[in-house]
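# Coordinates in review
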Amino acid sequence: MKAAKNPNENNQKEQTQQPTAQPQAQKPAAKQTLDDLIRENGDYYNALNAFVRSIKQFESNKYSNFSEIGRSFASSLGAYLQQTSLKDDSKVMNGYLVGLNSLLTDNSIDTDKKKQYIQRAINQAMPLLSAEYNKIKGNLSTDDYHNMAQSSLNDPMIMISPFANNLKQELSKNDTYGKSIKMSQLAKDIETDFKNDNFSKLGEYFEKIPYNKEAFKKLNLKDEEINKMMDDANKIFKDLSSNLKEDDKKRLMYSMTSILSEESNKQFSSLDKSYSANSFNNANPDATTGLYLALNSASGAAEKGGKVSPENMAKMLGINPYAAGPGMGLGY
């Protein structure tokens, strides 16, 4: 006799044959942006920004007098270290920093000697700055690098540095970037002459500024007609510029720098951002340059431009004995 069929047998088989439910894969956490990082750690990155800004001012000689940069360097270094774990090292905070500040604010000490000590202090802090830049690089996007590249070609504290020259060479390997860089350089050449009241090249500079050919084409003109109109305008302007009063020449020279800068920035912003990002890294910026450009290119910087108010500076420095005195320019 056949054994009686278990009525639950089929149900058990169906249950065992059903695929096991797989746990849903969790989406990877969104990458924290540079703006997020700065917003979450505003005091920290403002202090770091003020410090690297003082370094770039020192390196590029962009300060009105040395006493100013000496005070700025000492106070910003102290403010930055106060935001790090080194705030708990009394030897650093109440020995090394106090001694450095005393030397940099002593009017009897030779300026060249002070410059040597600032450079030595920068070199001493470089491992910290390299670690900071390596950390920030993990938060940089292609857009960030593109903005940093554009800033480096226009910021007075960066644009004449070896890094900026390397970046120009990298970018110029692309024809469209090359045209934008040439336009930017022409604006700087005109600006130099403008500052020196040299208007002798007014007609020559005008000829080098590109026309917006598309605007002419919208008038249903032929190419040869457009080219002739452009050539005629260049010749007319070159001739008439020699008859202008100096005030008119100055006004036109200033207008040219504005036209070129605006057009260069417009072109640069529309170009391939991945290319500029790769070019930026290929140009191999040092840590202070990378930090300065990153922190000042970020739209979410708590205090744009890296300036720290006297009140915040004093708070950052805490009980450091040299921090809150009027000699540090803190406003107290």
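Residues numbered from 1 in each chain as written. Predicted model: local features only at pLDDT ≥ 70, side-chain atom pairs only at ≥ 80, totals over all residues. Heavy atoms only, no water.

### Focus on the side chain of Gln57
The test is simple: The numbering of helices and of strands both runs from the N terminus, where a helix is a DSSP run of H or I of at least 4 residues and a strand a run of E of at least 2. When accessible area is computed with a 1.4 Å probe and restricted to protein chains, residues below 20% of their type maximum are described as buried, those above 50% as exposed, and intermediate ones as partly exposed. Here, residues are in contact when the closest pair of their heavy atoms is within 4.5 Å.
For Gln57, the location among the structural elements is in helix α3 (residues 42-60). On the accessibility criterion, Gln57 (17% relative accessible area) is buried. If sequence neighbours within four positions are ignored, Gln57 has contacts with Lys62, Tyr63, Ile69, Ser72 and Met157.

### Notes on unusual backbone geometry
Residue Asp197 is not a glycine yet carries a positive backbone phi of 55°. Examined against the element boundaries, Asp197 turns out to sit in the loop between α9 (175-195) and α10 (202-208). By relative accessible area, Asp197 is classed as partly exposed at 43%. In the Ramachandran plot, Asn220 falls in the positive-phi region, its phi being about 60° despite a non-glycine side chain. You can see Asn220 is positioned in the loop between α11 (213-217) and α12 (223-241).

### Digging into the packing of aromatic side chains
Counted only if it meets this: Pairing of aromatic side chains here covers Phe, Tyr and the six-membered ring of Trp, requires ring centres within 6.5 Å, and sorts the geometry by plane angle: under 30 degrees stacked, over 60 edge-to-face, intermediate tilted. Charge over a ring is defined by NZ of Lys or CZ of Arg lying within 6 Å of the ring centre and within 35 degrees of the ring normal.
For the coordinates displayed, the defined rule picks out twelve aromatic pairs. Taking 6.2 Å as the distance between ring centres and 75° as the angle between the ring planes, the aromatic pair formed by Tyr44 and Tyr80 counts as edge-to-face. Note that Tyr44 is positioned in helix α3 and Tyr80 in helix α4 (residues 66-82), a separation of 36 residues in sequence. In this structure Tyr44 comes out as buried when scored by relative accessible area, which is 18%. Ring geometry for Phe194 against Tyr254: centres 5.9 Å apart, planes inclined by 45°, an arrangement best described as tilted. One end of the pair, Phe194, is in helix α9; the other, Tyr254, is in helix α13 (residues 246-269), with 60 residues separating them in the sequence. In this structure Phe194 comes out as partly exposed when scored by relative accessible area, which is 22%. An aromatic cluster is defined as three or more aromatic residues linked by ring pairs; in this entry it consists of Tyr44, Tyr45, Phe51, Phe73 and Tyr80. Positioned above the aromatic ring of Tyr44 is the side chain of Lys135, whose terminal nitrogen or guanidinium carbon lies 5.9 Å from the ring centre.

### A short note on α9
Put simply, the test is: The span one expects for a helix is its residue count, reduced by one, times 1.5 Å.
With 21 residues, α9 should cover 30 Å at 1.5 Å per step; its first-to-last C-alpha distance of 30 Å lies within 8% of that length. Buried residues of α9: Tyr177, Gly178, Ser180, Ile181, Met183, Ser184, Leu186, Ala187, Lys188, Ile190 and Asp193, and no others. Tucked into the core, α9 has its buried residues touching α7 (142-152), α8 (162-171), α10, α13 and α14 (273-282).

### Section: the nonpolar core
Convention followed: We define a nonpolar core as any set of buried Ala, Val, Leu, Ile, Met, Phe, Trp, Tyr and Cys residues linked to one another through side-chain atoms lying within 4.5 Å.
In this structure, Phe73, Ile136 and Phe280 are the most contacted members of the largest nonpolar core, which totals 55 residues. The greatest single-element share of this core, amounting to eight residues, is contributed by α3. Apart from residues lying up to four places away in sequence, Ile136 is in contact with Leu34, Leu37, Tyr45, Leu291, Ala294 and Leu295. Counting residues in each nonpolar core, the second largest holds twelve residues, with Leu186, Ile190, Leu202 and Ile209 among its members.

### So, the pattern of salt bridges
Operational definition: Salt-bridge detection follows one rule: a side-chain nitrogen of Lys or Arg within 4 Å of a carboxyl oxygen of Asp or Glu.
Within the structure shown, the criterion is met by eleven salt bridges. Between Lys173 and Glu170 there is a salt bridge, with the nearest N and O atoms lying 3.5 Å from each other. The exposed category is assigned to Lys173, whose relative accessible area is 60%. The buried category is assigned to Glu170, whose relative accessible area is 18%. Notably, a salt bridge pairs Lys266 with Glu263, separated by 3.9 Å at the nearest N-O pair. Of this pair, Lys266 and Glu263 both sit in helix α13, three residues apart, roughly one helical turn. Residue Glu263 is classed as partly exposed on the basis of its relative accessible area, which comes to 30%.

### Side note on α8
Worth spelling out the cut-off: Working definition: the arc comes from the directions between the helix axis and the C-beta atoms, pointing outward to the latter.
Buried residues of α8: Phe163, Ala164, Leu167, Lys168, Glu170 and Leu171, and no others. Taken end-on, α8 shows its buried residues confined to a sector of 160°, consistent with a single buried face. With respect to the buried face of α8, the exposed residues turned more than 90 degrees away are Pro162 and Gln169.

### Quick word on the confidence of the model for the protein
Under the convention used in this document: pLDDT measures the predictor's confidence residue by residue and takes values from 0 up to 100.
Predicted confidence across the protein gives a mean pLDDT of 82, with 80% of residues reaching 70 or more. Within the protein, helix α16 (residues 310-317) has the poorest average pLDDT of any element, 38, and helix α6 (residues 111-137) the best, 95. For residues 300-332, every residue scores under 50 in pLDDT, and the model assigns this stretch 74 contacts once sequence neighbours within four places are set aside.

### A short note on the environment of Leu104
Secondary-structure assignment places Leu104 in helix α5 (residues 90-104). Non-local contacts of Leu104, meaning those with residues more than four positions away in its chain, are made with Gly70, Phe73, Ala74, Lys114 and Ile118.

### Details of the packing of α4 against α6
What describes two packed helices is the angle between their axes and the distance between those same axes. Stated precisely, the cut-off is as follows: Only C-alpha atoms enter the line fits that serve as axes; for helices the fit covers just the stretch in contact. Angles between N-to-C directions range over 0 to 180 degrees. Relative orientations are named as follows: roughly parallel for angles under 35 degrees, roughly antiparallel for angles over 145 degrees, roughly perpendicular for angles from 65 to 115 degrees, and oblique for any other angle. Take the far helix as the reference: if the near one is turned anticlockwise from it by less than a right angle, the crossing is left-handed, and if turned clockwise, right-handed. In this classification, Asp, Glu, Lys and Arg are treated as charged, Ala, Val, Leu, Ile, Met, Phe, Trp, Tyr, Cys and Pro as nonpolar, and every other residue, Gly included, as polar.
Where α4 contacts α6, the axes come no closer than 12 Å and their chain directions differ by 30°. It follows that α4 is roughly parallel to α6 by the angle criterion. Where α4 crosses over α6, the two elements pack in a sense that is left-handed. Within the contact between the two elements, α4 uses Phe66, Gly70, Phe73, Tyr80 and Leu81 and α6 uses Thr111, Lys114, Lys115, Ile118, Ala121, Ile122, Leu128 and Glu132. Grouping the amino acids of the contact of α4 with α6 by side-chain chemistry returns eight nonpolar, two polar and three charged.

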